[in-house]
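Below, each chain spelled out in residue letters.
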Amino acid sequence: MSRREREPGADPLDADEPISKSERKRRANRLQSLGQRLAEMRPEELAALELPDALIAAIVDYQRFPSREAKRRQLQYIGRVMRDIDIEPLQAALERLDGDSAEERYAFHQLERWRERLLTEPEALTELIREHPELDVQQLRHHIQQVHKARDEERQRSASRALFRLLRDGIHPARVPPTVT
């Protein structure tokens, strides 16, 4: 299949054509960068990702090496181990952890809208409780009242953030990232 016949955005690995040396290096660098991101994570964050055992062992080795050269070589090894796993779910899980995914941004903006509506529209609380009956109405009323009672701007911001956290924890509890195989 020639380059012209291939679909735009098609993966060169799926084609019968050989991959250029430059493309192989770019892929290896991307995997190493992703591996370094994983190696800098805390153990409890890594455990939530449910990575393959070989990758976890390579990351643990990287973290225990003191020498820069040893760490560099270990990153290359981590990249090599990562060639055998599907990295798309891993990247999606990392984006969710970082709050960079489109759905996380959407959820964040929805929560901001609810907070603004609760502070400006009296009937918004009834509507919110109708949509999310699991929320604690008394706590919501308390936080809304605290925002309105705040006399200076700093206290008002602090109370507004507390209301946002209450909404976030009630509507979107902590999500567990998907398993990576």
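All of these numbers come straight from a predicted model, not from anything done at the bench. (Residues numbered from 1 in each chain as written. Predicted model: local features only at pLDDT ≥ 70, side-chain atom pairs only at ≥ 80, totals over all residues. Heavy atoms only, no water.)

*Asks:* How should I be thinking about the nonpolar core in this particular structure?
*Replies:* Across soluble globular proteins, you tend to see nonpolar side chains buried next to one another. In terms of nonpolar packing, the biggest core is built from 20 residues, with Leu38, Leu55, Met82 and Leu90 touching the most fellow members. When residues of this core are traced back to their parent elements, those giving at least two are helix H1 (21-39), helix H2 (43-49), helix H3 (53-64), helix H4 (68-82) and helix H5 (87-98). Residues in contact with Leu55, not counting those within four places in the same chain, are Leu38, Ile78, Val81, Met82 and Ile85. (Core = buried A, V, L, I, M, F, W, Y, C linked by side-chain atoms within 4.5 Å. Buried < 20%, exposed > 50% of the residue type's maximum accessible area, 1.4 Å probe, protein only. Helix = DSSP H or I, 4+ residues; strand = E, 2+ residues; numbered from the N terminus. Contact = heavy atoms within 4.5 Å.)

*Asks:* Explanation requested: the pattern of salt bridges in the structure shown.
*Replies:* Side-chain pairs of opposite charge can arise where the charged atoms are in close proximity. Counted under the stated rule, the structure contains 11 salt bridges. Between Glu127 and Arg117 there is a salt bridge, and its shortest N-O distance comes to 2.7 Å. Here the residue Glu127 occupies a position in helix H7 (residues 124-131), and Arg117 occupies one in helix H6 (residues 102-120), the gap between them amounting to 10 residues. Glu127 gets classed as partly exposed once you look at its relative accessible area, which sits at 24%. Note on Arg117: relative accessible area 23%, which makes it partly exposed. With a closest N to O distance of 3.2 Å, Asp169 and Arg168 form a salt bridge. Looking at Arg168, the relative accessible area reads 35%, which means it is partly exposed. Residues participating in the shared-partner salt-bridge network are Glu23, Arg26, Arg27 and Arg30. (Salt bridge = Lys/Arg side-chain N within 4 Å of Asp/Glu carboxyl O.)

*Asks:* Got a minute to help me understand the confidence of the model for the chain in this structure?
*Replies:* In low-pLDDT segments, the atomic positions of the prediction should not be examined closely. Residues of the chain with pLDDT of at least 70 account for 83%, and the chain-wide mean is 81. Averaged pLDDT values over the elements of the chain bottom out at 78 in H5 and peak at 91 in helix H8 (residues 137-149). Of the regions scoring below 50 in pLDDT, residues 1-10 engages in seven contacts with residues more than four places distant in sequence or in other chains. Segment residues 175-181 is flagged for pLDDT under 50; beyond a separation of four residues in sequence, or across chains, it makes 22 contacts in the model. (pLDDT = per-residue confidence, 0-100.)

*Asks:* How do you make sense of the side chain of Arg115 when you look at a structure like this?
*Replies:* Structurally, Arg115 can be placed in helix H6. Taking relative accessible area as the criterion, Arg115 reaches 14% and is therefore assigned buried. Aside from chain neighbours lying at most four places away, what touches Arg115 is Ser160, Arg161, Leu163, Phe164 and Leu167.

*Asks:* Help me understand the packing of aromatic side chains, please; the structure alone is not making it clear to me.
*Replies:* Here the distance between the centres and the angle between the planes together describe a pair of aromatic rings. One pass over the structure, following the stated rule, counts one aromatic pair. Residues Phe108 and Phe164 carry aromatic rings whose centres are separated by 5.3 Å and whose planes lie at 65° to one another, so their mutual orientation is edge-to-face. Here the residue Phe108 occupies a position in helix H6, and Phe164 occupies one in helix H9 (residues 153-171), the gap between them amounting to 56 residues. Take Phe108: its relative accessible area is 39%, and that puts it in the partly exposed class. For Lys71, the ring lying beneath its charged end belongs to Tyr62, and the centroid distance is 4.7 Å. (Phe/Tyr/Trp six-rings, centres within 6.5 Å; stacked < 30°, edge-to-face > 60°. Lys NZ or Arg CZ within 6 Å of the ring centre and 35° of its normal.)

*Asks:* Sorry if this is basic, but what is going on with the environment of Pro52 here?
*Replies:* Within the secondary structure, Pro52 is located in the loop between H2 and H3. When its relative accessible area of 25% is taken as the criterion, Pro52 is described as partly exposed. Residues Pro52 and Met82 lie 30 residues apart in sequence; the distance between their C-alpha atoms is 9.4 Å.

*Asks:* How should the packing of H1 against H4 be read in this particular structure?
*Replies:* The description of two packed helices rests on the angle between their axes and on the distance between the axes. Contact geometry of H1 with H4 gives a least axis separation of 8 Å together with a crossing angle of 105°. It follows that H1 is roughly perpendicular to H4 by the angle criterion. Residue-level inspection shows Leu31, Gln32, Leu34, Gly35, Gln36 and Leu38 of H1 in contact with H4, the latter providing Leu75, Gln76, Ile78, Gly79 and Met82. Of the residues in the contact of H1 with H4, the class split is six nonpolar, five polar and no charged. (Axes fitted to C-alpha atoms, helices over the stretch in contact; angles between N-to-C directions. Parallel < 35°, antiparallel > 145°, perpendicular 65-115°, else oblique. Nonpolar A, V, L, I, M, F, W, Y, C, P; charged D, E, K, R; others polar.)

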